[in-house]
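Given next are the chains, with one letter for each unit.
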Amino acid sequence: MLSEAQSLPEDPAELRETAEGLVSLVKSQALRIAKLEHQLAGLHRHRFGARSESLDQLELTLEEEEIEAAQTAKTVPPADDPAEPKGKPKRKPLPADLPRNEEVLSPGETCGQCGGSLKTLGEDITEELEYVPGQFVVNRFVRPRMACTGCEAICQAPLPSRPIERGRPGPGLLAHVLVSKYGDHLPLYRQSQIFGRNGINLDRSTLADWVGKSTALLEPLADAISRHVLSGPAIFADDTPIKMQAPGNGRTKTARIWTYVRDERPWLGPDPPAAWYRFTVDRKGAHPAQHLANYKGWMHADGYAGFNELYRSGGVREVACMAHIRRKFVDVFQSEGAFLAEEAIKRIARLYAVEKDGRGRPPHDRVQLRQTRAKPILDDLETWLQAQLPKISAKSELAKAIRYALARMKKLRPYLDHGCLEADNNCAERAMKPVALGRKNYLFVGSEGGGKSAAIAYTLIETAKLNGVDPQAWLTNVLSRIADHKITRIDELLPWRYAQS
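The rules behind these values
- Sequence positions are assigned chain by chain, starting from 1 and proceeding in written order.
- Selection of residues for local features in this predicted model requires a pLDDT of at least 70, selection of side-chain atom pairs for listing and counting requires 80 or more, and totals for whole chains, interfaces and linings are taken over all residues.
- Heavy atoms from the whole structure form the basis of all side-chain values; hydrogens and water molecules are not counted.
- Helix numbers and strand numbers start at the N terminus; a helix is a DSSP run of H or I with at least 4 residues, a strand a run of E with at least 2.
- Exposure categories follow from relative accessible area, calculated using a 1.4 Å probe and restricted to protein chains: below 20% of the type maximum is buried, above 50% is exposed, and the middle band is partly exposed.
- Contacts were defined at the residue level, with two residues in contact if any of their heavy atoms lie within 4.5 Å.
- All accessibility values rest on the Shrake-Rupley procedure with a 1.4 Å probe; residue burial counts only the protein chains present in the view.
- Every helix has an expected span of 1.5 Å times one less than the residues it contains.
- The salt bridge definition used is simple: a Lys or Arg side-chain nitrogen within 4 Å of an Asp or Glu carboxyl oxygen.
- The criterion for an aromatic pair is that two Phe, Tyr or Trp rings (for Trp, the six-membered ring) have centres within 6.5 Å, with stacked assigned to planes under 30 degrees apart, edge-to-face to planes over 60 apart and tilted to the rest.
- Think of it as a cone above the ring: NZ of Lys or CZ of Arg counts as a charge over the ring if it is within 6 Å of the ring centre and within 35 degrees of the ring normal.
- Buried Ala, Val, Leu, Ile, Met, Phe, Trp, Tyr and Cys residues form a nonpolar core when they are joined through side-chain atoms within 4.5 Å.
- The pairing criterion is simple: DSSP has to find at least two bridges between the two strands.
- Only the contacting stretch of a helix is used when fitting its axis, a line to C-alpha atoms as for every element, and angles between N-to-C directions run 0 to 180 degrees.
- Put simply, angles under 35 degrees are roughly parallel, angles over 145 are roughly antiparallel, angles from 65 to 115 are roughly perpendicular, and the rest are oblique.
- Crossing handedness: left-handed means the near helix sits turned counterclockwise from the far one by under a right angle, and right-handed means the same turn made clockwise.
- Note on residue classes: Ala, Val, Leu, Ile, Met, Phe, Trp, Tyr, Cys and Pro are nonpolar, Asp, Glu, Lys and Arg are charged, and everything else, Gly too, is polar.
- It is the directions from the helix axis to the C-beta atoms whose arc is reported.
- Confidence scores here are pLDDT values: one per residue, from the predictor, ranging 0 to 100.

**Q** So what's going on with the overall build of the chain? Which residues, and what values?
**A** Counting its regular elements, the chain contains 17 helices and 10 strands. Put simply, the chain has 501 residues, and 47% of those count as buried. Sequence-distant contacts in the chain: of pairs separated by 6 or more residues, those separated by 24 or more amount to 68%. As displayed, the chain has an accessible area near 25,700 Å², and 51% of this comes from carbon and sulfur atoms.

Spelled out as structure tokens, the structure:
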């Protein structure tokens with residue numbers, strides 16, 4: 001194009017051609033500028049800085065690797081007189097100033113073999129570090145060794161079952177560590193520092209071992225929650241990226257955490273809400289296809305193409321998300337201030353006003369309300385968007401938002417005819433907030449096993465919160481019982497059963 005005004009042609013025809021070229025260039029550059037401004041505005045809104053000191057990153061890497069090792073390690077059955085392996089560092093004694101709860105476990109007064117009276121030979125004392133919200137205590141299990149005066153048989157009461165055999169932590173302490181890491185987003189090395197300020201020497205590696213063993217023990221309970229979620233008539237699905245340490249090169253790769261949520265409270269459904277999380281090393285569509293292989297029903301989701309195989313199977317029926325449609329227009333309005341984007345947002349707000357009035361009503365009433373009030377608004381919105389599209393540049397961000405809305409509109413309409421459906425996928429997006437907060441703090445998972453542990457912990461903690469249950473109190477109860485609990489009755493330990501007890 002021309003570099004100086006002096007080189008403008010004098011011939012009218014050539015001058016017109018040059019002017020047309022300049023107009024075309026200006027339009028192209030204006031579209032490019034608008035696109036870049038839109039992208040920049042999106043980055044400013046949605047970015048979340050994963051900044052940390054390199055030492056913190058090393059601590060986080062190690063703790064995730066140790067969680068995986070603990071989760072996959074086989075449990076060693078306790079011995080009556082366990083011998084410490086040669087060279088293994090000895091545990092430091094628990095602080096003497098901590099309060100002690102002492103429980104004497106006696107085998108009784110008479111011999112179980114001959115019926116003779118027992119005399120005391122000595123006793124074994126086992127100390128267990130427990131955490132009661134706000135303080136540490138030590139549980140002392142005193143087990144007298146008794147000898148029969150008649151047949152000289154020696155007997156002793158067994159230790160009660162513990163979450164980690166031959167381990168020191170009590171169920172309350174394990175629950176506290178799990179909830180602190182995955183509910184309150186405190187990495188283990190920070191928890192170790194907090195414990196140290198209270199005079200408790202617990203290395204990060206020790207805490208990682210506890211987390212791995214605890215989530216392995218609790219996995220059947222997470223599986224029970226998954227069965228409950230997938231038995232509902234409608235679920236909400238979403239996924240979010242999370243960094244995973246790549247083996248060998250010290251770098252990270254992008255893995256995913258998926259969530260599937262069942263929540264029938266908006267239409268007074270009889271079953272409790274629950275959230276099931278899964279971890280995968282990538283975002284291939286084969287993963288949700290495997291997760292939902294046995295599911296039959298409606299699924300609220302975004303427009304991710306990986307779900308298409310599920311929809312083609314016929315067992316899973318798609319419901320699009322109005323919040324995703326709205327978000328496209330909000331992005332355009334915030335970056336460009338476009339009038340048409342603002343108008344679209346206002347029209348969508350009228351649909352949400354209808355949903356607000358229908359929340360907490362039975363399905364039949366919700367359908368009637370939507371057919372009477374929401375359907376005309378949605379029809380008018382679709383007609384209006386179709387009329388606006390030819391009036392604007394096809395390459396603009398606003399045009400992209402309109403095309404996205406029109407493409408998703410047909411798949412959104414099932415919510416008008418079914419009272420058990422919602423207008424958006426916000427249930428799943430809310431379930432992803434703890435993961436987003438967590439990854440800001442622990443930055444990445446160390447391995448696939450560490451990601452699996454995280455998914456189990458999120459499943460338990462977030463499901464408890466959905467049911468209004470204190471996750472730490474519930475997990476303390478579960479961890480004190482699950483080792484002896486029959487796997488065929490695992491549903492008795494679900495959080496809504498705890499809330500009813």
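**Q** Which residues make up helix α8 (residues 322-336), and what are the values?
**A** For α8, built from 15 residues, the straight-helix expectation of 21 Å at 1.5 Å per residue is met to within 8% by its first-to-last C-alpha distance of 21 Å. All of the buried residues along α8 are Met322, Ala323, His324, Ile325, Phe329, Val330, Asp331, Val332 and Ser335. Where α8 terminates, the next one or two residues include Gly337, which has phi positive at roughly 70°.

**Q** How would you sum up the pattern of salt bridges? Please name residues and give values.
**A** Overall, the coordinates contain 29 salt bridges when judged by the stated rule. Here Arg347 and Asp380 are joined by a salt bridge, their closest N and O atoms 2.6 Å apart. Taken together, the positions of Arg347 in helix α9 (residues 339-358) and Asp380 in helix α10 (residues 363-388) put the pair 33 residues apart, joining distant regions of the chain. Each of Arg100, Glu102, Glu127 and Arg140 takes part in a single network of salt bridges with overlapping partners.

**Q** Tell me about the packing of aromatic side chains, and please be specific about residues and values.
**A** In the structure shown here, the tally under the stated rule is 8 aromatic pairs. Ring geometry for Trp258 and Phe307: centres 6.3 Å apart, planes at 70°, overall edge-to-face. Within this pair, whereas Trp258 is found in strand β6 (residues 252-262), its partner Phe307 is found in the loop between β8 (297-300) and α7 (308-313), the two being separated by 49 residues in sequence. Members of the aromatic cluster, joined through ring pairs, are Trp258, Tyr304, Phe307 and Tyr311. Its end group placed over the ring of Tyr304, Arg283 keeps NZ or CZ at 4.0 Å from the ring centre. We note Arg317 situated over the ring of Trp298; from NZ or CZ to the ring centre the distance is 4.3 Å.

**Q** Describe the nonpolar core, naming the residues involved and giving the relevant values.
**A** In this structure, Leu129, Tyr182, Met299, Phe307 and Leu460 are the most contacted members of the largest nonpolar core, which totals 79 residues. Those residues in contact with Tyr182 that lie beyond four places of it in its chain are Ile67, Val211, Ser453, Ala454, Ala457, Tyr458 and Ile461.

**Q** Go over the pairing of strand β2 (residues 118-132) with me, naming the residues and quoting the values.
**A** Bridge count between β2 and strand β3 (residues 135-148): 14 bridges; the pairing is antiparallel. Considered in β3, the bridge of Val132 is made with Gln135. Adjacent in sequence and paired antiparallel, β2 and β3 are bridged by 2 residues, among which Gly134 carries a positive phi angle near 100°.

**Q** Please provide a residue-by-residue account of the side chain of Thr215, values included.
**A** Tracing the chain through its elements places Thr215 in helix α5 (residues 204-229). The exposure class assigned to Thr215 is buried, which follows from its relative accessible area of 1%.

**Q** Before we move on, can you summarise the packing of α8 against α9 with the specific residues and values?
**A** Axis separation between α8 and α9 bottoms out at 9 Å; the angle between their running directions is 150°. One finds that α8 runs roughly antiparallel with respect to α9. Seen from above, α8 lies across α9 with left-handed handedness. Listed contacts from α9 to Met322, Ala323, Ile325, Arg326, Phe329, Val330, Val332 and Phe333 of α8 are Ala341, Glu342, Ala344, Ile345, Ile348, Leu351 and Tyr352. Taken together, the residues of the contact of α8 with α9 sort by class into 13 nonpolar, no polar and 2 charged.

**Q** So what about α9? Which residues, and what values?
**A** In this model, α9 (20 residues) spans 30 Å end to end at C-alpha, consistent with the 28 Å of a helix rising 1.5 Å per residue. Listing the buried residues of α9 in full gives Leu340, Ala341, Ala344, Ile345, Arg347, Ile348, Leu351, Val354, Glu355 and Gly358. In a view along the axis of α9, the buried residues occupy a sector of 165°, so they form one face of it. α9 presents Phe339 and Lys356 as exposed residues on the side facing more than 90 degrees away from its buried surface. Where α9 is buried, its residues touch α8, α10, α11 (397-412) and α12 (414-417). In the segment just after α9, Gly360 is the residue with positive phi, at about 85°.

**Q** Report on unusual backbone geometry, specifying residues and quantitative values.
**A** Look at His185: it is not a glycine, yet its phi comes out positive at around 65°. Relative to the helices and strands, His185 resides in the loop between α3 (171-182) and α4 (188-197). A positive phi is found at Leu268, a non-glycine position, where the angle reads about 60°. In this fold, Leu268 is placed in the loop between β6 and β7 (274-280). Classification of Leu268 by relative accessible area gives exposed; the value is 53%.

**Q** Please set out the confidence of the model for the chain residue by residue, giving values where relevant.
**A** Across the chain, the average pLDDT comes to 86, with 88% of residues at 70 or higher. Within the model, the stretch residues 48-58 combines pLDDT values under 50 with 8 contacts to residues more than four positions away or in other chains. Across residues 76-82, where pLDDT falls below 50, the model places 7 contacts with residues more than four positions away in sequence or in other chains.

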